[in-house]
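Structural features, examined
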Amino acid sequence: MNTYIVNFNPEIDLPVYRKVRKDFLGDENYPASTLVGIQALGKKEWLIEIEAIAVVEI
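Everything numeric in this text was worked out from a predicted model, so none of it was measured. (Residues numbered from 1 in each chain as written. Predicted model: local features only at pLDDT ≥ 70, side-chain atom pairs only at ≥ 80, totals over all residues. Heavy atoms only, no water.)

What follows deals with the sheet that holds strand E2 (residues 34-38). If you walk across this open sheet you meet the three strands as E2-E1-E3, and the pairing is mixed. Edge positions in the open sheet fall to E2 and strand E3 (48-51), since each of these has one partner strand only. Taking each pair of neighbouring strands and ignoring which way they run, the sheet shows an average axis angle of 15 degrees. Pairing of strand E1 (residues 2-6) with E2 involves five bridges; the strand directions are parallel. Bridge pairing in E2 places valine 6 opposite isoleucine 38. (Pairing = 2+ DSSP bridges. Helix = DSSP H or I, 4+ residues; strand = E, 2+ residues; numbered from the N terminus. Axes fitted to C-alpha atoms, helices over the stretch in contact; angles between N-to-C directions.)

As far as function goes, none of this settles anything; it's purely spatial.
This is the structure we're talking about:
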């Protein structure tokens, strides 16, 4: 899971990011992930982008 956050400020944004991730993914077994602070995304109103790969058994 790769996360890109515009104007990332670790002191303010990291606790919020961790809480939201915990709310969606639970307390354990997080996927491998990278968090990158960036200046902009494809549109100026976008503030965060999350890219993920999921494996589903058929």
